[in-house]
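Residue strings, one per chain:
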Amino acid sequence: MLLQLTPRRHELISVFMMSIGTTFMFLGYDVQSMMAESVLHSVSTKNPDRISEYAGYYGQAIQYISFAFFSLFTATIQYYISSKSMLVLSSVLFTTCYIAYIHVNSYIFYSSQLLLGFAYAMYNSAEGTYLSEHSSRRTIDSNSALETGLGHTSLFFGGVTMLFVFHFVPHTFDGHFLNFDEHVVQVIYFSLMTLTVVSVVLFTFLPTKQFDSIALNTQRVTPSMMAQFKRFGKSFSHLNTSLLIFTYVYMGCMVSFMYGIYPTSLSFTSETASDVYIIALYLLSSGLAAFLSAMFIRPMIKRLHKYKLIVPMAVHCTSMAIVLFLVYCSVPNQATQRPTSDLANLWITPSRYLSMIIGFLLGFADFTITMTRSVICQIAVPDFRAEIFSLTRIYQCVASCVILFISPYLTVTTWIIILIVGLLIGIAAMFAVLCRTHNNTIAAPIEPLEEEKDEKFTEEKTFA
């Protein structure tokens, strides 16, 4: 007799398959983001006519601006294409983008980054929709926690993958930075492409049957493109939206530093570039922090109704303060621009263990600021929640695009100043939004979720 699945088991299988597919898709994405500048700089030194030495920075900038642009349209696309189809399409595009590394060429590479931005925007819209189609009001929170926890393992498994690949792939060191010949680049990115294919398979076989889902119980109205843009215009003109620009411009700079600038500095510093495993270990430690945050810190913070935004903001500020101090003490000033062996002015000698500590702290910082964004988007302008979330992603991506385009001219000191100023202004802007949103104490910005109220009511009724 075939096993009969209950609605809850069906939900869990659906969310689990999507989460594992997400892990495989972003596993390669995270690795290529952190290695792009190092790999392409190495290729450019041998073949300067094929691609710019700063193509890694420029490629990520193009990807971010592409994501920002297509985010304006993907919310409308999901009214005409199923969430499952959008997930499959995005994973296929993620997979094909690795072809750009098989034979590195400026036109192919920059085109692939443009396509990757579109794929990311498609996934970003489809993820939330599919989750709402396979979650009820009572299970949406636990399903989101499961998806977040498993999805954040991509960084961790990306590090494990790189440890495995670099153990078998030959490499050379020229005294300043790690060299990647064309064969090595092909092996690395073909391996990542193969792993990403797993996400295509998993998304293809995602269940589509719905039970008592949020999407099923919500009236579906298909808005026109003009109506969507009018809603964007109204949400954009709100004062809270204007204040949050500062927060998410900072977030764009912080994410660019975590995924692009600091890993590149490890490859450009002679003391750490000779360690072929250092970026893999940095990835692994960042992923471990994100996973632990999703599994333990997020549920713990959820119970602190009165401090749901204060606690993650405090953790973020503390983590970033320690990171910036360690970076100032251990990274050569020119290491974000070019290979260097100038370690004379450093207070702390750079090492793989220090990079793992910085990676772990950046993982905490990334998770907490992302969690804060999810909450603030719900309360800043309640009538335009979806539009606010899209706009904050656009702010973040535009900021990342600009900062990455000028990164070849920014030293470590300049980066630290930008991040400190951005952190102070961004957090101040978020507090201003909290004060405007709630008339009571700013330490109590979040009311319990509706499902949490229902659970509390049920418990009180049981013990009555």
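In what follows, the structure referred to is the one given above.
Computed from a predicted structure; not experimentally measured. (Residues numbered from 1 in each chain as written. Predicted model: local features only at pLDDT ≥ 70, side-chain atom pairs only at ≥ 80, totals over all residues. Heavy atoms only, no water.)

A. Spatial organisation of helix 3 (residues 83–96). End to end, helix 3 covers 20 Å across 14 residues, agreeing with the expected 20 Å (1.5 Å per residue, within 8%). Among the residues making up helix 3, those that are buried are Ser83, Met86, Leu87, Ser90, Ser91, Leu93, Phe94 and Thr95. (Helix = DSSP H or I, 4+ residues; strand = E, 2+ residues; numbered from the N terminus. Expected span 1.5 Å × (residues − 1). Buried < 20%, exposed > 50% of the residue type's maximum accessible area, 1.4 Å probe, protein only.)

B. View of the state of the cysteines. With the rule as written, the count across this model stands at zero disulfides. Looking at Cys397, it has no disulfide partner, and the nearest cysteine sulfur is the one in Cys401, 9.1 Å off. Cys397 gets classed as buried once you look at its relative accessible area, which sits at 4%. (Disulfide = S-S within 2.5 Å.)

C. View of the packing of helix 1 (residues 7–46) against helix 6 (residues 153–168). Here helix 1 crosses helix 6 at 65°, and the two axes come no closer than 8 Å. One element, helix 1, and the other, helix 6, form an angle in the roughly perpendicular class. Pair helix 1 / helix 6 crosses with right-handed handedness. Contacts between helix 1 and helix 6 involve Thr23, Phe26, Leu27, Asp30, Val31, Met34 and Met35 from the first element and Thr153, Ser154, Leu155, Phe157, Gly158, Thr161, Met162 and Phe166 from the second. A breakdown of the residues in the contact of helix 1 with helix 6 according to their chemical character gives nine nonpolar, five polar and one charged. (Axes fitted to C-alpha atoms, helices over the stretch in contact; angles between N-to-C directions. Parallel < 35°, antiparallel > 145°, perpendicular 65-115°, else oblique. Left-handed = near helix turned anticlockwise from the far one by under 90°. Contact = heavy atoms within 4.5 Å. Nonpolar A, V, L, I, M, F, W, Y, C, P; charged D, E, K, R; others polar.)

D. Quick peek at helix 7 (residues 182–204). In a regular helix each residue adds 1.5 Å, so 23 residues correspond to 33 Å; helix 7 covers 33 Å between its end C-alpha atoms and thus fits that length. What helix 7 keeps buried is the set Val184, Val185, Ile188, Tyr189, Leu192, Met193, Thr196, Ser199, Val200 and Phe203. Elements that come into contact with the buried residues of helix 7 comprise helix 1, helix 3, helix 4 (106–133) and helix 6.

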